[in-house]
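Take a look at the letters that make up each chain.
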Amino acid sequence: MPEPNSRPRKIQSVRGTHDLLPVEAARWHAAELTIRGVLARYGFGEVRTPVFEEADLFRRPLGEGSDVVAKELYEFTDKGGDRLALRPEGTAPVVRAFIEHSLHQQGGRHKLFYLGPIFRYDRPQKGRYRQHHQVGVEAFGNGAPSQDAEVMAAGDAVLASLGVTGYERRINTNGDPACRPAYETALRAWVAERKDRLCRDCAGPRLEHNVMRVLDCKVESCRTATADAPRLMDHLCPACRTHHDAVLSCLRTLGIEVVPDPRLVRGFDYYSRTCFEYVPHDAGQQGTLLGGGRYDGLVELLGGPATPAVGWGMGLERVLAAAPAAPSAAALTAYVLSTAPAAFGRALALAQALRRAGVACELGAEGKSLNSQLRASGTCGAAWAVFVGEGASPIGLKDLATHAQEDLPEAELLRRLAPPGAVIG
Ligand SMILES: [Zn+2]
Ligand SMILES: [Zn+2]
């Protein structure tokens with residue numbers, strides 16, 4: 001029973017989520033426009049998939065041993081009894097859509113990108129959210145090394161367009177089904193002999209299900225214990241060796257510098273050959289801006305025809321945190337004030353005429369004193385204050401940056417503030 005006269009409980013945002021208020025939302029909007037423009041130039045078309053899918057779409061490729069499935073998947077049974085999940089990453093839904101709409105039968109190359117929220121039941125920490133936003137590209141149907149390089153170049157172009165600099169591009173290869181199984185067997189035997197020096201995750205589930213991920217472990221004792229581990233780079237089959245050399249050669253042609261990183265692995269079987277991460281020079285282990293690679297086995301694993309594919313994903317929160325703060329453009333052009341209560345009706349009509357002419361404007365609230373409206377006009381970020389008096393009196397126009405002021409007829413004011421080519425009236 002609520003206490004008599006008690007106020008309703010204040011409802012807060014869910015832990016690990018965040019709101020974008022107008023100034024920040026405007027910055028996001030500008031960044032998203034920039035990203036969409038860059039990816040269009042690289043030939044990627046946008047795909048928007050639902051935020052929830054059949055849970056199996058994520059369970060099947062990730063496997064039961066994965067941290068994401070074990071701990072982080074937002075999974076639920078809906079009222080019809082279907083097992084659903086909020087998407088914890090962007091690639092599987094795009095692959096699902098690629099297969100479902102038979103894009104492979106429509107000829108040509110298929111290069112898609114997505115931008116939207118993803119969901120992980122993660123321990124919230126700085127820069128990590130339970131709902132965060134990811135942009136990613138997936139290029140289907142082209143197994144050539146130059147496609148890997150082009151995808152990486154598109155990632156660079158996106159970061160450059162946002163003003164993000166000061167990172168290195170780490171690259172490695174994960175081999176393929178021809179050479180990786182033998183390497184994994186050798187690595188498992190090698191790691192098992194050093195099991196007592198590894199963290200619990202590495203000594204347990206990783207050693208058993210995903211031994212290459214032991215090389216990728218961030219725990220210092222695991223890194224020391226595996227410093228001399230056998231490297232896949234030394235066990236590649238000739239086809240993987242040729243592919244990797246050709247990727248590096250394409251990147252040189254494009255002027256993209258990379259750093260070899262033998263510890264960089266993608267632990268799932270559907271990944272093959274190229275993998276890469278873009279990491280800021282000043283970042284800790286958590287600071288990856290962009291991660292991706294080739295996943296030639298995934299389309300088939302999800303029920304489609306064998307299709308080579310390569311892509312990357314980047315977390316928008318993290319990338320925008322690394323981007324210089326862009327000066328925010330004035331959201332408002334004009335703030336319209338009524339100089340007397342009887343002038344409000346005229347101010348209301350003028351604000352409407354300005355908005356119809358394409359001018360972003362705000363109107364001083366009805367019943368507020370001129371002083372109160374003046375204070376509001378000074379803090380709202382508008383470029384101009386527009387003073388409206390009674391009758392057909394001239395309109396006062398004040399430049400809020402220089403404080404220069406003049407009086408104009410109404411029609412002249414509209415022409416002055418409206419963007420070029422606007423239809424006035
Ligand atoms: Zn470990
Ligand atoms: Zn191979």
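Residues numbered from 1 in each chain as written. Chains lettered and ligands numbered in written order. Predicted model: local features only at pLDDT ≥ 70, side-chain atom pairs only at ≥ 80, totals over all residues. Heavy atoms only, no water.

Quick notes on the packing of aromatic side chains
So the rule is basically this: Any two of the Phe, Tyr and Trp rings considered here, Trp counted by its six-membered ring, make a pair once their centres fall within 6.5 Å; the pair's planes then place it as stacked at under 30 degrees, edge-to-face at over 60, or tilted in between. Under the scheme used here, helices are H or I runs from DSSP no shorter than 4 residues and strands are E runs no shorter than 2 residues, and both carry numbers assigned from the N terminus. Partly exposed residues are those whose accessible area sits between 20% and 50% of the maximum for their type, while under 20% is buried and over 50% is exposed, using a 1.4 Å probe and protein chains only.
A complete count under the given rule lists six aromatic pairs for this structure. Plain terms: the ring middles of Tyr74 and Tyr121 are 5.6 Å apart, the flat faces sit at 85° to each other, and that makes the pair edge-to-face. Remark: Tyr121 occurs in the loop between strand E5 (110-119) and strand E6 (131-140) and Tyr74 occurs in the loop between helix H3 (67-72) and strand E3 (75-77); sequence separation between them is 47 residues. Take Tyr74: its relative accessible area is 25%, and that puts it in the partly exposed class.

Things to note about the sheet that holds strand E11 (residues 309-315)
Operational definition: Strands are labelled as partners when DSSP assigns at least two bridges between them. By definition, residues are in contact when any of their heavy atoms lie within 4.5 Å. Axes here mean lines fitted to C-alpha atoms, for a helix over just the part in contact, with angles spanning 0 to 180 degrees between N-to-C directions.
Here eight strands make up an open sheet; going across it, the order is E1-E5-E6-E11-E10-E9-E7-E8 and the pairing mixed. Either end of the sheet is taken by a strand with one partner, and the two such strands are strand E1 (45-46) and strand E8 (259-260). Pairing geometry for E6 and E11, over seven bridges, is antiparallel. The residue bridging Gln134 from the neighbouring strand is Gly315, located in E11. Against the sheet, helix H4 (residues 91-100) touches E5 and E6, its axis set at about 45° to E6.

Structural notes on the coordination of the zinc ion (ligand 1)
We apply this condition: For Na, K and Ca the donor cutoff is 3.2 Å, while for all other metals N, O and S atoms must lie within 2.8 Å; water is not among the atoms, so some sites may look incomplete. Square planar and octahedral sites, with four and six donors, are those where opposite donors lie more than 155 degrees apart and all other angles lie between 65 and 115, tetrahedral sites have four donors with every angle between 85 and 135 degrees, and the rest are irregular.
Taken together, the protein ligands of the zinc ion (ligand 1) are Cys199 (SG), Cys202 (SG), Cys217 (SG) and Cys222 (SG), with distances of 2.3 Å. Considering all four donor atoms around the zinc ion (ligand 1), angles at the metal cover 105 to 116° and the coordination shape is tetrahedral. On the primary sequence, the residues serving as donors to the zinc ion (ligand 1) are separated as C-x2-C-x14-C-x4-C. Owing to a relative accessible area of 1%, Cys222 belongs among the buried residues under this scheme.

Regarding the pattern of salt bridges
Convention followed: What makes a salt bridge here is a side-chain nitrogen of Lys or Arg within 4 Å of a carboxyl oxygen of Asp or Glu, nothing more.
Scanning all chains against the criterion turns up 22 salt bridges. For Arg96, the salt bridge is made with Glu53, and the minimal N-O distance between the two is 2.8 Å. Here Arg96, found in helix H4, pairs with Glu53, found in strand E2 (residues 52-54); they are 43 residues apart in sequence, far enough to count as distant. Here Arg96 and Glu53 have matching classes, each one buried. One network of salt bridges, with partners in common, ties together Glu406, Glu412, Arg415 and Arg416.

Regarding the coordination of the zinc ion (ligand 2)
Geometry sets the ideal angles at a metal, namely 109.5 degrees for four tetrahedral donors and 90 or 180 degrees for six octahedral donors. Protein coordination at the zinc ion (ligand 2) comes from Asp176 (OD), Cys179 (SG), Cys237 (SG) and Cys240 (SG), with a distance range of 2.2 Å. One can describe the site at the zinc ion (ligand 2) as tetrahedral: its four donor atoms subtend angles covering 96 to 119° at the metal. Counting gaps between the donor residues of the zinc ion (ligand 2) yields the pattern D-x2-C-x57-C-x2-C. Like Cys237, the residue Cys240 is buried in the burial classification.

Observations concerning the sheet that holds strand E13 (residues 361-363)
The five strands are arranged E13-E12-E14-E15-E16 in an open sheet whose pairing can be described as mixed. Of all strands in the sheet, those bounded by a partner on one side alone are E13 and strand E16 (405-408). Taking the axes of each pair of neighbouring strands and ignoring which way they run, one obtains an average angle of 25° across the sheet. Judged from the four bridges that link them, strand E15 (residues 395-399) and E16 form a sheet pairing that is antiparallel. In the sheet register, Ile395 faces E16, and the bridge partner there is Leu408. Along the sheet, helix H12 (residues 344-356) makes contact with strand E12 (334-338), E13, strand E14 (384-388) and E15, crossing E13 at roughly 165°.

Remarks on the domain arrangement of the protein
Our working rule: Each domain span listed reflects an automatic or database assignment of domains.
The domains assigned to the protein are domain 1 (22-179 + 236-322) and domain 2 (334-417). If you average the C-alpha positions of domain 1 and of domain 2, the two centres end up 49 Å apart.

As for the side chain of Arg263
Stated formally: Counting rule applied: Lys, Arg positive; Asp, Glu negative; His and chain ends not counted.
Checked against the element boundaries, Arg263 lands in the loop between E8 and strand E9 (274-280). Within the buried core, Arg263 has no salt-bridge partner, and the shortest N-O distance to an opposite charge, that of Asp261, equals 6.1 Å. In this structure Arg263 touches Asn172, Leu215, Asp216, Arg223, Thr226 and Ala227, once residues within four positions along its chain are discounted.

Some remarks on helix H14 (residues 410-417)
What counts, and what does not: By definition, the arc is the one covered by directions from the helix axis to the C-beta atoms.
Burial in H14 covers these residues: Leu413, Leu414 and Leu417. Relative to the axis of H14, the buried residues are bounded by an arc of 100° and lie together on one face. Each element contacted by the buried residues of H14 is listed here: E12, H12, E14, E15 and E16.

Things to note about the environment of Glu75
This is how it is decided: Pairing of N or O atoms within 3.5 Å defines a polar contact, subject to two protein rules: one partner must be a possible hydrogen donor and the other a possible acceptor, and residues neighboring in sequence count only if both atoms are side-chain atoms.
You can see Glu75 is positioned in strand E3. Residue Glu75 is classed as partly exposed on the basis of its relative accessible area of 22%. When the C-alpha atoms of Glu75 and Arg197 are compared, they prove to be 35 Å apart, with 122 residues separating the residues in sequence. Within the local environment of Glu75, its side chain forms a polar contact with the side chain of Arg83, the two groups lying 3.4 Å apart.

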